[in-house]
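# Topology and contacts: notes
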Amino acid sequence: MTRPRPIGPALAGAVDLSALKQPPPPSGGGATPSSAGAAGVEVTEANFESEVLARSNQVPVVVLLWTPRSPSSVQLGDTLAALAAQDGGTWSLATVNVDVAPQVAQAFGVQGVPTVVALAAGQPLSSFQGSQPADQLRRWVDSLLEATAGKLSGSGEEEETVDPETAAARAHLDAGDLDAALTAYQAILAARPNDPEAKGAVRRLEFEQRASTHPDDAVARADAAPDDVDAAFAAADVEVRQWKLEAAFDRLTGLVKRTAGDERTRVRTRLIELFDLFDPADPDVIAGRRKLANALY
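Since this is a predicted model, take the numbers as computed values, not measurements.

Once that is clear, we can look at helix α8 (residues 196–211). Over its 16 residues, α8 extends 23 Å from the first C-alpha to the last, a length consistent with the 22 Å expected when each residue adds 1.5 Å. All of the buried residues along α8 are A198, G200, A201, V202, R204, L205, F207, E208 and A211. Contacts from the buried residues of α8 go to α2 (48–54), α6 (164–174), α7 (178–191), α10 (229–241) and α12 (261–275). Of the residues that open α8, the one with a side-chain oxygen 3.1 Å from the backbone nitrogen of E197 is D195.

Following this line, the structure appears as structure tokens:
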């Protein structure tokens, strides 16, 4: 699970994301980008890795974080969709409805919508917030294509060869059927123990399966009983799902300092499992590992 770097403050014309506390508009109601469905893909937590991170290894991916409550979001989505259609697959448009997928918005660290982030090779390259004129968007996309020309694998005829088992597991993941995806990836791992995709997917899916069972007040419960290991585990899972990585890692590192023997080993093992959910180069992971080493030695 790789986390895009946070983006700077929102510009004029953006919508305050505190409105995410409101319930999303009813299904079928409100405006939607009229062209985005044809030219782009709607991104959720389930398909974020495949449609944004993995796809950005082939072509630049332009991610639009928007809400139907914002007319400028809808207009920007239509303009980007038209540009994507004109450019015939040289870049990919991905849309994130922040009302439907707030955790994806949190992963980008956005403060307002519409926000646009361009990624290549899994890394953010450029971003802006607020609406932009069509001619300026055209120049921005052109500069993005120039900056990445010849540096990605491209979107040509030759596609990655994927075995049927992996393809089926990915299909379950894209459809949001996490239980079926986990079962499929576990079967792949049983047959091919060193398969890197299956190993990573099983780690993430097992975490999601476990974390989704925790109560809403898990953090408060752990704060009230700081030496309760199980309560701390639940709270750390919840904080990780909220992208509060430093808080989650510090919680368990503190517990490592206060425990001993088998219990300490248990806490250390869980903390390392959380580290392994993320890119080893993530600054929070690097800091967390350093703090753990200090706590142990």
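Okay, the packing of aromatic side chains next. Aromatic ring pairs are defined here through the distance separating the ring centres and the angle between the ring planes. As enumerated under the stated definition, the model contains three aromatic pairs in all. Seen in terms of ring centroids, F249 and F275 are 4.8 Å apart; in terms of plane orientation they differ by 80 degrees. Their pairing is edge-to-face. Separated by 26 residues along the polypeptide, F249 in helix α11 (residues 245–258) and F275 in helix α12 bring together distant segments of the chain. In terms of burial, F249 and F275 fall into one category: buried. The ring of F233 is capped by R270, whose NZ or CZ atom sits 4.4 Å from the centre of that ring.

Following the sequence through the fold, S72 ends up in helix α3 (residues 71–86). Among the polar contacts listed, one links the side chain of S72 to the side chain of S70, at a separation of 3.0 Å.

What follows is about unusual backbone geometry. Cis peptide bonds are those with omega within 30 degrees of zero, and the linkage from V113 to P114 qualifies with 0 degrees. As for its placement among the helices and strands, P114 is situated in the loop between β5 (112–113) and β6 (115–120). Residues other than glycine seldom take positive phi values, yet A121 does so here, at roughly 55 degrees. Tracing the backbone through its elements, the reader meets A121 in the loop between β6 and β7 (123–129). Judged by its relative accessible area of 44%, A121 is partly exposed. Notably, W243 is not glycine yet its phi reads approximately 60 degrees, a positive angle. Summarising the element assignment, W243 is placed in the loop between α10 and α11.

Relative to the elements of secondary structure, P133 occurs in the loop between β7 and α5 (134–148). Since its relative accessible area comes to 42%, P133 is described here as partly exposed. In sequence terms P133 and L76 are 57 residues apart; their C-alpha atoms lie 8.7 Å from each other.

Bridge count for β6 against β7 is six bridges, and the pairing is antiparallel. Each bridged residue has a counterpart across the sheet, and for T115 the counterpart in β7 is Q129.

For the structure shown, the criterion picks out 20 salt bridges. When the shortest N-O distance is used, the salt bridge between R69 and D99 registers 2.8 Å. With a gap of 30 residues between them, R69 in the loop between β3 (61–66) and α3 and D99 in the loop between β4 (92–97) and α4 (102–108) connect regions that are remote in the sequence. Relative accessible area serves as the criterion here: at 10%, D99 is assigned to the buried category. Residues R170 and E197 are paired through a salt bridge, measuring 2.6 Å at the closest nitrogen-oxygen approach. Residue R170 is found in helix α6, and its partner E197 is found in helix α8; the two are separated by 27 residues along the sequence. Owing to a relative accessible area of 26%, E197 belongs among the partly exposed residues under this scheme.

Within a regular beta strand, the side chains point alternately toward one face of the sheet and then the other, so they alternate between its two faces. In terms of burial, β6 is a largely internal element, six of the six residues being buried. Burial along β6 is two-sided: T115, V117 and L119 facing one way and V116, A118 and A120 facing the other are all buried. Here β3 pairs with β6 via five bridges, running antiparallel. Note that in β6 the partner of L64 across the bridge is V116. Linking two consecutive strands that pair antiparallel, namely β6 and β7, is a turn of two residues; a positive phi of about 55 degrees is found at A121 within it.

Quick notes on the rules
Here the residue numbering is sequential within each chain, running from 1 through the sequence in written order. The predicted nature of this model means local features are confined to residues of pLDDT at least 70 and side-chain atom pairs, given and counted, to a pLDDT of 80 or more, with totals for whole chains, interfaces and linings taken over all residues. Calculated side-chain values reflect all of the structure's heavy atoms, with hydrogen atoms and water omitted. Only DSSP runs of H or I covering at least 4 residues are called helices, and only runs of E covering at least 2 are called strands; the numbering of each starts at the N terminus. Here a helix's expected span is defined as the number of its residues, less one, multiplied by 1.5 Å. Only protein chains enter the accessibility calculation, which uses a 1.4 Å probe; a residue whose area is less than 20% of its type maximum is buried, one above 50% is exposed, and one in between is partly exposed. In what follows, residue pairs with any heavy atoms lying within 4.5 Å of each other are defined as contacts. By the criterion applied in these results, polar contacts are pairs of N or O atoms within 3.5 Å in which, for protein atoms, one can donate a hydrogen and the other can accept it, and in which residues neighboring in sequence qualify only through two side-chain atoms. Between 30 and 60 degrees the pair is tilted, below 30 it is stacked and above 60 it is edge-to-face, where a pair is any two Phe, Tyr or Trp rings, Trp via its six-membered ring, whose centres lie within 6.5 Å. Whether a charge lies above a ring is judged from NZ of Lys or CZ of Arg, which has to be within 6 Å of the ring centre and within 35 degrees of the ring normal. Strand pairing is defined by DSSP finding a minimum of two bridges between the two strands. Every case where a carboxyl oxygen of Asp or Glu lies within 4 Å of a side-chain nitrogen of Lys or Arg is listed as a salt bridge.

Geometric values such as these leave the question of function open.
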